[in-house]
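Fold and contact review
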Amino acid sequence: MSSRTLPLLFLGLGGEMLYILDQRLRAQSIPPDKARKVMNDIITTMFNKKFLEELFKPQELYSKKALRTVFDRLAHASIMRLNQASMDKLYDLMTMACKYQVLLCPRPKDLLLVSFNHMDAIKDLVKEAPPILSQVDDTYRQLIEIYTPLSSGEFQLIRQTLLIFFQDMHIRVSIFLKDKVQNSNGRFVLPTSGPVPHGTQVPSLIRLFRCNGEESRRFQFQSGGTYSSALRPGSLEMFGDRVIKLGTNMYSVSRPVETHMSGTSKNSRCAMFQVNTTPNPLAKEELNMLARLMGGLEGQKPGSADSGFRVNLFATDEEEEEALMSRPDELSYGVLNIQATKDQQSDATLSRIMGEFSEQDDPAPRACSKGDDLLAMMDMM
């Protein structure tokens, strides 16, 4: 598992979230000033300096529930509100789009180009807001500084970590189904045509060499695909042509997007449910890390009833309600509600939770528990 995976995953999911929300705000004819405020508020929170400091620290990838909690908080960092069914659909679309991008990346290092495509689109969304633009530029610089020196092997480890994270997600998305890049069981179709990765040759030739390195024989074979020469490498600078299209906005052309649960067998669904509910021996540490991130998310206070509005990711309210009722329990993320404010009631709740973790994990005295660090940190927020 790579300790450098979380920032790329967060930027990928965050970029896809912004694409979807931008499309829905336009589809629901939200006034431009309100729509702009929503996008600016979310992007400001997403690129908060303290938040990114925690995000870019080397660390293990969070569980699906913990990451969903971060994005639930992020999506509600403005006057916009989402019902649970719409939030579920939003997260499903985000995760399946990112999984598709990771699977189809020509080279592991191209994961960085995918992140830059997301960043380029986010930068375009806030081009008229210089303070937010400065936050985005700072993130570009961090990405370049941290990730460009990494070796191909380190990027392969990042890609493998991402694939492990996405491996149990098989949600059908209408755009992918219509484009014939996803099967009816929710699994993606890997192409057998197009340009090969940069630095490789079109498959069709086998060469044999002698011990001294001289070529002795050649064999031609049919590769079974229609491949072409590699494209030029994409730019890893702050400005430049990324070449690959993975990570760009696939909702720029307006078309309805639906999600459906794949036909998972009863045994695998039960197994997934067991994985989600088994006590995590690192739960205490994960809660601490998540609270640090939540502390960095200086979200906006909920707007008044007059200024706030709800966004629906379904065509009608009836469809949204039906989706909520029909969603399998094992596929509904139990969002962890962490309120990083100095509040006696929340402090008491967190103390109780941390006490339960302490009983499960170790018999160490509470004075030595990392849960105390969590509560002290929240008191300082």
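Computed from a predicted structure; not experimentally measured. (Residues numbered from 1 in each chain as written. Predicted model: local features only at pLDDT ≥ 70, side-chain atom pairs only at ≥ 80, totals over all residues. Heavy atoms only, no water.)

1. Description of the side chain of Thr-5
Where we set the bar: Secondary structure follows DSSP: runs of H or I at least 4 residues long count as helices, runs of E at least 2 residues long count as strands, and numbering of each begins at the N terminus. Any pair of residues with heavy atoms lying within 4.5 Å of one another is described as a contacting pair.
Tracing the sequence through the fold places Thr-5 in the segment before α1 (6-27). Those residues in contact with Thr-5 that sit more than four places away from it in its chain are Leu-61, Ile-158, Thr-161 and Leu-162.

2. Things to note about the pairing of strand β5 (residues 215-220)
The two faces of the sheet receive side chains in turn, since in a regular strand these alternate between them. Filter applied, for reference: Each pair of strands is called paired provided DSSP finds at least two bridges between the two strands.
Across 5 bridges, the pairing between strand β4 (residues 205-209) and β5 is antiparallel. Looking across to β5, one finds that Leu-208 is bridged to Arg-217. Taking the residues between adjacent antiparallel strands as the criterion, β4 and β5 are bridged by 5 residues, where Gly-213 takes a positive phi near 95 degrees.

3. Comments concerning the environment of Asp-241
Note the threshold: Each residue is placed in one exposure class: buried if its accessible area under a 1.4 Å probe, protein chains only, is under 20% of its type's maximum, exposed if it is over 50%, and partly exposed if it falls in between. Under the rule applied, a polar contact is a pair of N or O atoms within 3.5 Å (in protein, one hydrogen donor and one hydrogen acceptor; residues adjacent in sequence only if both atoms are side-chain atoms).
Of note, Asp-241 is situated in the loop between β6 (226-228) and β7 (259-260). Look at Asp-241 and you get partly exposed, because its relative accessible area is 41%. Spatially, the C-alpha atom of Asp-241 lies 9.4 Å from that of Asn-117, the residues being 124 residues apart in sequence. Setting aside residues up to four positions removed in sequence, Asp-241 forms contacts with Arg-232, Gly-234 and Ser-235. Within polar-contact distance, the side chain of Asp-241 engages the backbone nitrogen of Val-243 at 3.0 Å.

4. Some points on the packing of helix α4 (residues 64-75) against helix α5 (residues 84-104)
So the rule is basically this: Here, axes are lines fitted to C-alpha atoms. For helices the fit covers the stretch in contact, and angles between N-to-C directions go from 0 to 180 degrees. Should the near helix be turned anticlockwise from the far one by less than a right angle, the crossing is left-handed, and should it be turned clockwise, the crossing is right-handed.
Between α4 and α5, the shortest axis-to-axis distance is 11 Å and the interhelical angle comes to 115 degrees. Between α4 and α5 the crossing geometry is right-handed. On α5, the residues that touch Lys-64, Leu-67, Arg-68, Phe-71, Asp-72 and Ala-75 of α4 are Met-87, Asp-88, Leu-90, Tyr-91 and Met-94.

5. Some words on unusual backbone geometry
One non-glycine residue, Lys-180, adopts positive backbone phi at about 60 degrees. Unusually for a residue other than glycine, Val-243 sits at a positive phi of about 70 degrees. Of note, Val-243 is situated in the loop between β6 and β7. With a relative accessible area of 15%, Val-243 lands in the buried category.

6. Considerations on the pattern of salt bridges
One side chain can pair with another of opposite charge once the charged atoms of both are near each other. Our working rule: Take a side-chain nitrogen of Lys or Arg and a carboxyl oxygen of Asp or Glu: if they are within 4 Å of each other, that pair is a salt bridge.
Within this structure, the stated rule accounts for 14 salt bridges. In this structure, Asp-22 engages Arg-26 in a salt bridge whose closest nitrogen and oxygen atoms are separated by 3.2 Å. You can see Asp-22 and its partner Arg-26 sitting in helix α1, 4 residues apart, about one turn around the helix. Between Arg-107 and Asp-110 there is a salt bridge, and its shortest N-O distance comes to 3.0 Å. Taken together, the shared-partner salt bridges in this structure form one network comprising Arg-68, Asp-72 and Asp-88.

7. Re the packing of aromatic side chains
To keep things clear, this is the line we draw: A pair of aromatic rings is counted whenever rings of Phe, Tyr or Trp (Trp by its six-membered ring) have centres within 6.5 Å, and the orientation is called stacked for planes under 30 degrees apart, edge-to-face for over 60 and tilted otherwise. Geometrically, a lysine NZ or arginine CZ counts as sitting over a ring once it is within 6 Å of the ring centre and also within 35 degrees of the ring normal.
Counted under the stated rule, the structure contains 8 aromatic pairs. An aromatic cluster is built from Phe-10, Phe-51, Phe-71 and Tyr-91, whose rings are joined through pairwise contacts. If you follow Lys-64 out to its NZ or CZ, it ends over the ring of Phe-165, 5.0 Å from the centre.

8. Comments concerning α1
Rules: Here a helix's expected span is defined as the number of its residues, less one, multiplied by 1.5 Å.
Here α1 spans 31 Å end to end across 22 residues, near enough to the 32 Å set by a 1.5 Å rise per residue. For α1, the buried fraction is high: 20 of the 22 residues fall into the buried class.

9. Notes on the confidence of the model for the protein
The predicted structure's coordinates, where accompanied by low pLDDT, should not be read in detail. Here is the rule we go by: You can read pLDDT as the predictor saying how much it trusts each residue, on a scale of 0 to 100.
When pLDDT is averaged across the protein, the result is 78; 67% of the residues are at 70 or more. Segment residues 263-281 is flagged for pLDDT under 50; beyond a separation of four residues in sequence, or across chains, it makes 12 contacts in the model. Throughout residues 334-344 the model reports pLDDT below 50, and contacts reaching past four residues in sequence, or to other chains, amount to 24 contacts.

10. Comments concerning helix α2 (residues 32-46)
Across its 15 residues, α2 extends 21 Å between first and last C-alpha, which sits within 8% of the 21 Å expected from 1.5 Å per residue. Ala-35, Val-38, Met-39, Asn-40, Asp-41, Ile-42, Ile-43, Thr-45 and Met-46 are the residues of α2 that are buried.

11. Quick notes on the nonpolar core
Counted only if it meets this: Throughout this description, the term nonpolar core refers to a set of buried Ala, Val, Leu, Ile, Met, Phe, Trp, Tyr and Cys residues connected via side-chain atoms within 4.5 Å.
In terms of nonpolar packing, the biggest core is built from 81 residues, with Leu-90 and Tyr-147 touching the most fellow members. Excluding residues that lie within four positions of it along the chain, Tyr-147 makes contacts with Arg-4, Pro-7, Leu-8, Phe-56, Leu-112, Phe-155 and Ile-158.

12. A closer look at the side chain of Asn-40
Following the sequence through the fold, Asn-40 ends up in helix α2. Setting aside residues up to four positions removed in sequence, Asn-40 forms contacts with Leu-125, Val-126, Ala-129 and Ile-132.

13. Topic: a nonpolar patch on the surface
Note the threshold: Residues enter a patch when their relative accessible area is above 30% and they make no salt bridge; the linking distance is 9 Å between like charges and 5 Å between nonpolar side chains (Val, Leu, Ile, Met, Phe, Trp, Tyr). Areas reported as accessible are Shrake-Rupley estimates using a 1.4 Å probe. Residue values count occlusion only from the protein chains shown.
Taken together, Ile-206, Leu-208, Phe-219 and Phe-221 make up a surface patch of nonpolar side chains, about 310 Å² in accessible area. Locating Leu-208 in the fold gives a position in strand β4.

14. A few points about the environment of Met-39
With respect to the secondary-structure elements, Met-39 resides in helix α2. A sequence separation of 17 residues divides Met-39 from Asp-22, and the C-alpha atoms of the two residues are 7.4 Å apart. Setting aside chain neighbours within four positions, we find Met-39 in contact with Leu-18, Leu-21, Asp-22, Leu-25 and Leu-125.

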